[in-house]
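# A look at the structure
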Amino acid sequence: MESKNMTTQLLGRDGGIMRRRMLEYDWAKTDMGPLSTWNPQLLAIVRIMLDCKFPIHMYLGFSLYLVYNDAYIPIAGGEDELGRRAQDKWATLWDDFVGPQLTAAINGETRRYQNEVFALPRPDGSKEEGMFDFSYGPVRLADGRIIAIISPVLDVTKSVMSERRLSIIKDITMNHWAFYPLDRAHIRVMEILSNDVNDIPFAMIYVANQKGTKFNLKAACGIQHPHDACPTKLVVEKRAIWPIDDILKSDVGSLYHIDIEGRFSSPFSGGPFNVQPKKAIAVHLNAQNRRAILIVGISAIIPLDETYCGFVKLLADQIQIVSNVVLCHQIAKMATVNLTKTDSTKTSFYQAMSHEFRTPLSLILGPLQDSLADTLHPLNVYQRERQMMMTKNAKRLLRLVNSLLEVTTIDANHACFQPMDLPKFSGELASVFRAAMERAKLNFVVNIVSAGEIVYVDRDMWEKVVFNLLSNALKYTLKGTVEVSSQREGDQFLFLVRDTGIGIPEEEIPKMFDRFHRVESAHGRDQVGTGVGLSLAAELVRLHGGTIKVTSVLGEGSCFTVSLPIGSSHLPPHQVVVETNDEISNGFVEHALNSLGTPTSGIHGSAGSSQNASPMDSPNQSPGGSPIVHARLKSLAEYLPTRRRGSSPTSPASRSPLMGRHPASNSDLNLIAASRRLAESRSMPDMKIEKVENIEIPLSRAAATTIQQKRQQYIETSKRNAYSENQLYLSPMLYSNRPKDTVLIVESDVDARSYLSSFISEIWNVEVAHDISSALVLIRGLYPPNLVLTDRIVSEDGVELLQYKSEKALASIPVVLLSSRTGEEARVEGLRAGADDYIVKPFSTKEVIIRINLHLQLSHMRQQLEEKVALRARDLLHANRALSTRILQRDSAESALRESENSYKLLATVSPVGIFSADASGTTTYLNERWYEMTSFKLKDTETAGWLTGIHQHDKTRITTIWTRVIHEKRPFVGEFRYVRPDGSILWVLSQALPDIADDNTVRGFVGTITDISERKNLEKERVAALKSAELEQRKRVEEAEKQRKFLENFIDTICHETRNPLNGIFNNNDLLRTGLKNRDEILDEISTHPEFAEVSKELKSQRNFDFEAISAIEICAKQQQTISDDVLNLSRLDAHKLTLLMSPFKLKETIDAAIRGLQLELSAKNIETFVKAPLEDFNLKGDAARTKQVFSTLILRSMKALQKSAVKKITVSIDIVSRHDDQISLRLGVKDTGTGMTPLEQSTFFQDRFAQGNTKSYEEYGGNGLGLFICKGLIKLMGGEIELKSSPEKGTAIYFTLNYTMASDSEVTTPRGTVIENPRDFSKLLALIVEDNFFNQKILGHHLESFGVRFFTADDGQQALDLVNDHSFDIIFMDVEMPRMDGIEATRRIREQEMLKGEKRVPIVCLSGRPMEET
């Protein structure tokens, strides 16, 4: 009852299911035994576990019985799992997980696990998924034994499951679904879902067909095909494997639960625990009117609660969002493709329309231009006015075509934005309209002040914006003012055009920037318009990232405001440049003046009339042609006549002999004449430059004297041939320097072909072709043309003719393209295809004639150059043959030397190392390419120092000194050093050089190499750093180990101290009891002689024997406890290498007898016989008698445990002489028993571990901790001996050890410690002081002193002892070392100080301590 109460007290009486079950459980049926026999420390740990509100379970004993607290009941699966063996409880997880982890914990290792997934058993026998954080750790008693495994557990199922599900939703959300087709998106979703088989064992997506009668399988996961649960089609209104009709009747997005247990014949994958799902959820989806069904399997080991359903609902919503995104993107993509096709079709239509318009316009404007310029057959006034009206309207039609093309192609956005001072540039553009405004009698105000605003604009686009707005203001402002201004608002530049014109109706203002929109009620100066000007301006402003708006009041005027961002951050980076172009187009001004009925000559500054203007003067036209032609025209412009300073345009001094009333056409004559003379001069070897009326013309010496006559002759001849001065460019005399060339005209239009032939045939021979095939026949014929003039758009696309440019027949023939396509792209496309020039329709006859002539001249010059090159090549070939003959006749020795040098250079070039050579003085003569690649130096860097260039300053002195010594001593050189490259990087090299010895043993120089060893040096550096780091880490570990060792020593010291105090009390009290019993035994013997006391004395003697047995048992138990304490202490000192030997003379047999006497009580109690087998003589030896005795005691004690179940109980101690020489002797000592013995496997591990025992049941059957044998082996090794084990089952075990000793004489051997001294002196007059904080120790020591008649005082600490020493004179002091307030060491020091100060005698002080360490 008392033990049960003690157990209840240790486990606690507080409530709790598992505490009650622990007390009620029949532990006696287990090898743990009843609770009353459990170790109190274990019970205390179990109570802590039961009191804890955190889930904790433990495994007790060797069978690992499960105990747990109330918080662990849901995890354990109920309260009835208490007491189950771990291997039975976790049978399914034992081999793979639980078993190895518990084994590691039993071996003293602590392990922690996070987010481990388990299938926990439910009360109904099913399983439930659980995720836990837990650890396994050993539970140790005070003696270090592991008696249990403890495992705290944290249930993280909900958090981990939520994180796992959110990860799936996140993966679906983060994908860029817009770039997936719908089928691929469904497959990708299933791939993502397959990553979570715990929550989604399987899933399928079915999508309806167009009619909605069938649902086709698009993607699935978690199902191995073929599977009856996953058919490829589900048909509506038919009995299907899934209830599709009911699913479709449910609301979109709602969950439809389906019981699938036993529904399908084929099994599912089952997830990580192979548990078949029993339920599924179907969701009706509808994305962009495309119906779909999502079927999701539900895990059988996860409760289908609100959270699980919410996850499936969220998953379905995400899949529907994915479908919507994909379908919306596909719809938008199809719309974009359709819009692109529409734009492409529209652009192609306008380009074709442009071609169809431009070709007849060329045929209209060309003849009209020639007719108006014909002075030989001039028109009458009436016909001239009619043709001028026709020309004006033809140009208007051309501008209309150009405007339509600009509007339709503006979306291509080929803008080139450059930084400009936009206020200044806008002012310059506005000032161009001043003449037109003045002729319209309008007040024109330009209120623009430049503040340095830098705005990035495309010059041409901005010109069109400004000119469109000003042209619109001029057109609709009949009187009043037109004002242009600019200002800055924040980071915006504002450009404003205000007028006092007719205004705009309020309902028309929102439509003002729509394409082709016109205000029908508006009446301006000119009623002709297309409605594209303002829309074009708005589109151009938009391309600049700006905005345009208009405010207007009908009848008062309008204000257009353009806002552009300052800077370039809003523009595409690839379209931003820094080049500028200062040219300003005047086309809009010309059109504005034409609308006023005013000639444009004044605007251009020429004296000619507008009749002579080229049809190419339209606002958006620029001369076509290749870069070669433009460069040629630019160079020829240097030979044009220039006006003398101070002369007027019409003065005689400003005219050349060719100029008449029309300077513009005479300039063309000068251009043609200059080009002809330039062509002539290129073929003349002797040339000079002469100035003739400010024209620099290259001439031959023969032609220099007749230049004036020839020029006059041209004019007179032209006049005789009835050519007007305006038509002199048609005169064949200007092109008569060689026979007539042939021009092939390829044109599908009959009128255009006829018109081109009409004026070209007056100068050159003309051949015509209406398509490519007929043109190729003429080109490949016997007499090919000298130039091809072809239309770009013919029956088979004129550009295709250029595909034959690679043919020899066409390769050298210039090809000039005629096309109605304008713009830089069209020109670049034609030139890239192989055309030599590009002319845009409508064209002027002058331009065509001049360009044909230029290309013919260039072709002739190219032919002449090719002939000269061929002639020169032939000459070089002859010279080369002669040179080759001379080279072959060279001396063979020189050839061999050259080959040797080439081989050496080749070897040096391909060598992976740098090579250098030096002469006998050490000057560098050669460095190979690899040397330069390795060092990164250039040739100029090595002119001074050669191969020593760039050596690191820390190596330079050393290497230079060694190199100087090598040169002087003519010996090989080896060295490692660093180069510093030009970029500052370091190159480590190994350099080796050998002297080049001549036949006469003289040194001609040195040849050396450098090898890159940077990687090796870096590895060495890393290795040194790693070694330093490892050394530092090792040092830290050593320091930490030392700290742990000291801590362990202090801990063991404390334990020993606390253990020895009660042991001291036990031993001393036991001695007192034994002494008292012996004294009573004498009295009892005396009483037993009296007959009347015979019965009483018999009973007393029986009780006396029982008391002696009890005292002996107490002494045996105390000695066992002392042995454990000594073992722990000795183990600590062995590990710390602090166990020392106290060498002194001793008798070996007496030491063995003492060891046997110390165990005699146990030997007698267990009926064990002991024998000593030794030579007759005793051995006087020098050694540690105490350690020798300890070894024998340990071995005898081990044999006693092994003999417990043996029939014959005998222990034999043997002493055998191995060798003896002078005073040195080697003894083989042994302890042999007749016990159970050991198997070979048990013998192999006997001495290997400090806790090793004879077999796995040693502790259960015999007790012990295995420390003694480990310490015994350590002591024998410390004494210089070797230990040997011999054993066999059922025959016993013998342990032998061999030790070497030095012999001692009889006189050296003293009385052993502990020997009783006879005739003690009288101590009754002595006064002693006992200083001890332990009350029992005070009492025991006091009893011993009283038995000798010694008087004594007691003190509880050092301070009380000092006070008593000051008041009394003591003969001896017994001082405990460890005490509160003041310890014994400090008290002893102060007592000694007082004795010295007072000159008193030195009182003996005996220190008492439970710490048997040398430091103590």
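Preceding block: the structure.
Report follows, based on the coordinates. In this text, all values refer to a predicted model and were calculated from it rather than measured experimentally.

### What about the overall build of the protein?
Helix and strand counts for the protein stand at 40 helices and 41 strands. Taken over 1416 residues, the protein has a buried fraction of 43%. Looking at the protein alone, contacts between residues at least 24 apart form 64% of all its contacts between residues at least 6 apart. Of the roughly 75,600 Å² of accessible surface on the protein, a fraction of 54% belongs to carbon and sulfur atoms.

### What about the pairing of strand S5 (residues 146-155)?
Both strand S1 (residues 56-60) and S5 contribute to a ladder of five bridges, which runs antiparallel. From the neighbouring strand, Tyr 59 faces S5, where its bridge partner is Ile 149. Pairing analysis gives seven bridges linking strand S4 (residues 127-140) to S5, with the strands arranged antiparallel. Directly across from Pro 138, in S5, lies its bridge partner Ile 149. Following S4, the chain reverses through five residues before pairing antiparallel with S5; Gly 144 in that reversal takes a positive phi of roughly 95°.

### Digging into the side chain of Ser 917
In this fold, Ser 917 is placed in strand S26 (residues 914-919). In this structure, Ser 917 is in contact with Thr 923, Thr 924, Thr 925, Tyr 926, Phe 1006 and Val 1007, ignoring residues within four places of it in sequence.

### Some details on the environment of Trp 27
Topologically, Trp 27 is positioned in the loop between helix H2 (17-24) and helix H3 (40-51). Through-space distance from the C-alpha of Trp 27 to that of Gly 83 is 8.1 Å; in sequence the pair is 56 residues apart. Excluding its chain neighbours within four sequence positions, the residues that come into contact with Trp 27 are Met 22, Gly 33, Pro 34, Leu 35, Trp 38, Tyr 65, Val 67, Leu 82 and Gly 83.

### As for the packing of aromatic side chains
Tallied over the entire structure, the rule returns 20 aromatic pairs. Geometrically, the ring pair formed by Trp 242 and Phe 264 is tilted, given 5.2 Å between the ring centres and 50° between the ring planes. Here Trp 242 is found in the loop between strand S8 (233-235) and helix H9 (244-249), whereas its partner Phe 264 is found in the loop between strand S9 (255-259) and strand S10 (279-287), with 22 residues between them in sequence. For the pair Trp 242 and Phe 264, one class covers both residues: buried.

### Some words on helix H7 (residues 157-174)
Here H7 spans 25 Å end to end across 18 residues, near enough to the 26 Å set by a 1.5 Å rise per residue. Every buried residue of H7 is accounted for by Thr 157, Val 160, Met 161, Arg 164, Arg 165, Ile 168, Ile 169 and Ile 172.

### So, the sheet that holds strand S17 (residues 547-553)
The mixed open sheet is built from five strands, whose spatial order is S13-S15-S16-S18-S17. Because the sheet does not close on itself, it has two edges, and the strands there are strand S13 (443-447) and S17. Strand-to-strand twist of the sheet, defined as the mean angle between neighbouring strand axes without regard to direction, takes the value 15°. Pairing geometry for strand S16 (residues 492-499) and strand S18 (residues 557-565), over eight bridges, is antiparallel. By the bridge assignment for S18, Asp 499 is matched with Ser 558.

### Let's talk about the sheet that holds S26
The strands that make up a sheet pair up through hydrogen bonds in the backbone, lying either parallel or antiparallel. Ordered in space as S27-S26-S30-S29-S28, the five strands form an open sheet in which the pairing is antiparallel. Strand pairing shows two members of the sheet lacking a second neighbour, strand S27 (924-927) and strand S28 (973-980), which therefore form its edges. On average, each strand axis in the sheet is inclined to that of its neighbour by 25°, with strand direction left out of account. Relative to strand S30 (residues 1003-1012), S26 is paired through six bridges, and the arrangement is antiparallel. Looking at the pairing, Ser 917 lines up with Val 1007 of S30. Packed on one face of the sheet, helix H29 (residues 953-969) meets S26, S28, strand S29 (986-997) and S30 and runs near 150° to S28.

### Re the environment of Lys 1147
Considering the arrangement of structural elements, one finds Lys 1147 in strand S31 (residues 1144-1147). Here Lys 1147 falls in the partly exposed class, since its relative accessible area comes to 22%. Once residues lying within four places of it in the same chain are set aside, the contact partners of Lys 1147 are Asp 1178, Phe 1179, Asn 1180, Asp 1306 and Val 1309.

### A look at the nonpolar core
Counting residues in each nonpolar core, the largest one holds 48 residues, and the members touching the most others are Trp 462, Leu 469, Phe 495 and Val 562. Broken down by element, the residue count for this core peaks at nine residues, all from helix H14 (residues 459-476). Setting aside chain neighbours within four positions, we find Phe 495 in contact with Ser 426, Ile 448, Trp 462, Val 466, Leu 469, Val 484, Ser 485, Phe 560, Thr 561 and Val 562. Within the second largest apolar cluster, 42 residues are counted, among which are Trp 27, Tyr 136, Ala 148 and Val 153.

Thresholds applied
Residues numbered from 1 in each chain as written. Predicted model: local features only at pLDDT ≥ 70, side-chain atom pairs only at ≥ 80, totals over all residues. Heavy atoms only, no water. Helix = DSSP H or I, 4+ residues; strand = E, 2+ residues; numbered from the N terminus. Buried < 20%, exposed > 50% of the residue type's maximum accessible area, 1.4 Å probe, protein only. Contact = heavy atoms within 4.5 Å. Areas by Shrake-Rupley, 256 points an atom, 1.4 Å probe, with all protein chains shown as cover. Pairing = 2+ DSSP bridges. Phe/Tyr/Trp six-rings, centres within 6.5 Å; stacked < 30°, edge-to-face > 60°. Expected span 1.5 Å × (residues − 1). Axes fitted to C-alpha atoms, helices over the stretch in contact; angles between N-to-C directions. Core = buried A, V, L, I, M, F, W, Y, C linked by side-chain atoms within 4.5 Å.

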